[in-house]
Amino acid sequence: WAEGAIDVSSVAVEEVASQAEAALDFKAFLEEQGWTFDVAARRLGLGRRTIAYYAAGRPLPKTVALACRYFTLARERRSHGRHGRTHRKGRSAA
C-alpha cells in the first residue's frame, strides 16, 4: 500500500473476503461483467480451465472472490460516473 493511502486491518480484509466468497455466484459475475472464460482468465490471472472450474460452481478461493469484488465495485463506480456524477481530478476538498 502507498504510505497512508489505506489503513485496513488484516481482520477487516479477512471479513470482506469471507463475505465476498459467500455471496459470489461466479457464473453470474462473469455474465454481469460480460466476460468470456478467456477474458476472465486474463483479467484474474488464472487459466481458462480454472475459470471453467469455478463457473461450474466449485468453491472460490478468497483471493479470487476479493478480485471479483474489486471488479464489481470498479464497474459500479464507472457506471455512476457516466450517469450525472462528475469526478474532478486534481481538486482538493478544502
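Residues numbered from 1 in each chain as written. Predicted model: local features only at pLDDT ≥ 70, side-chain atom pairs only at ≥ 80, totals over all residues. Heavy atoms only, no water.

Colleague: Account for helix α4 (residues 48-55), naming residues and giving values.
Modeller: Where α4 is concerned, the buried positions are Ile-51, Tyr-54 and Ala-55. End-on view of α4: buried residues confined to an arc of 100°, all on one side of the axis. Gly-57 sits one or two positions beyond α4 and adopts a positive phi of about 105°. (Buried < 20%, exposed > 50% of the residue type's maximum accessible area, 1.4 Å probe, protein only. Helix = DSSP H or I, 4+ residues; strand = E, 2+ residues; numbered from the N terminus. Arc of directions from axis to C-beta.)

Colleague: Lay out the confidence of the model for the protein chain in plain terms, naming residues and giving numbers.
Modeller: The predicted coordinates of low-pLDDT regions are not to be read in fine detail. Counting all residues, the mean pLDDT for the protein chain is 79, and 63% of those residues have values of 70 or more. By mean pLDDT, helix α1 (residues 10-23) is the weakest element of the protein chain at 60, and helix α3 (residues 37-44) is the strongest at 97. (pLDDT = per-residue confidence, 0-100.)

Colleague: Which residues make up the nonpolar core, and what values go with them?
Modeller: The tendency in soluble globular proteins is for nonpolar side chains to be buried as a group. In this structure, Phe-26, Leu-30, Trp-35 and Ile-51 are the most contacted members of the largest nonpolar core, which totals 14 residues. Broken down by element, the residue count for this core peaks at 4 residues, all from α3. Those residues in contact with Leu-30 that lie beyond four places of it in its chain are Trp-35, Phe-37, Ala-40, Ile-51 and Ala-55. (Core = buried A, V, L, I, M, F, W, Y, C linked by side-chain atoms within 4.5 Å. Contact = heavy atoms within 4.5 Å.)

Colleague: Quick one: what's the story with the pattern of salt bridges, residue by residue and with numbers?
Modeller: Under the defined criterion, the tally for this structure stands at 1 salt bridge. The residue Arg-48 makes a salt bridge to Asp-38 at a minimum N-O spacing of 3.0 Å. Of this pair, Arg-48 sits in helix α4 while Asp-38 sits in helix α3, and the two are 10 residues apart along the sequence. (Salt bridge = Lys/Arg side-chain N within 4 Å of Asp/Glu carboxyl O.)

Colleague: I'd love a proper account of the packing of α3 against α4, names of residues and values included.
Modeller: Two elements in contact, α3 and α4, have axes separated by 8 Å at closest approach and are oriented at 110°. Our classification of the angle between α3 and α4 gives roughly perpendicular. Along its contact with α3, which presents Phe-37, Asp-38, Ala-40, Ala-41 and Leu-44, the element α4 presents Arg-48, Ile-51, Ala-52 and Ala-55. In the contact of α3 with α4, the residues fall into 7 nonpolar, no polar and 2 charged. (Axes fitted to C-alpha atoms, helices over the stretch in contact; angles between N-to-C directions. Parallel < 35°, antiparallel > 145°, perpendicular 65-115°, else oblique. Nonpolar A, V, L, I, M, F, W, Y, C, P; charged D, E, K, R; others polar.)

Colleague: Run through the packing of aromatic side chains, naming residues and quoting values.
Modeller: Under the definition given, this model contains 6 aromatic pairs. Here Phe-26 and Phe-29 contribute two aromatic rings whose centre-to-centre distance is 6.0 Å and whose plane-to-plane angle is 25°, an arrangement assigned as stacked. Of this pair, Phe-26 and Phe-29 are both found in helix α2 (residues 26-33), 3 residues apart, which corresponds to roughly one turn of the helix. A relative accessible area of 3% places Phe-26 in the buried class. Residue Phe-29 is classed as buried on the basis of its relative accessible area, which comes to 2%. Note on Tyr-53 and Tyr-54: the rings are 5.7 Å apart at their centroids and 65° apart in plane angle, and the pair reads as edge-to-face. Here Tyr-54 falls in the buried class, since its relative accessible area comes to 10%. Connected via pairs of aromatic rings, a cluster forms that spans Phe-26, Phe-29, Trp-35, Tyr-53, Tyr-54, Tyr-70 and Phe-71. (Phe/Tyr/Trp six-rings, centres within 6.5 Å; stacked < 30°, edge-to-face > 60°.)

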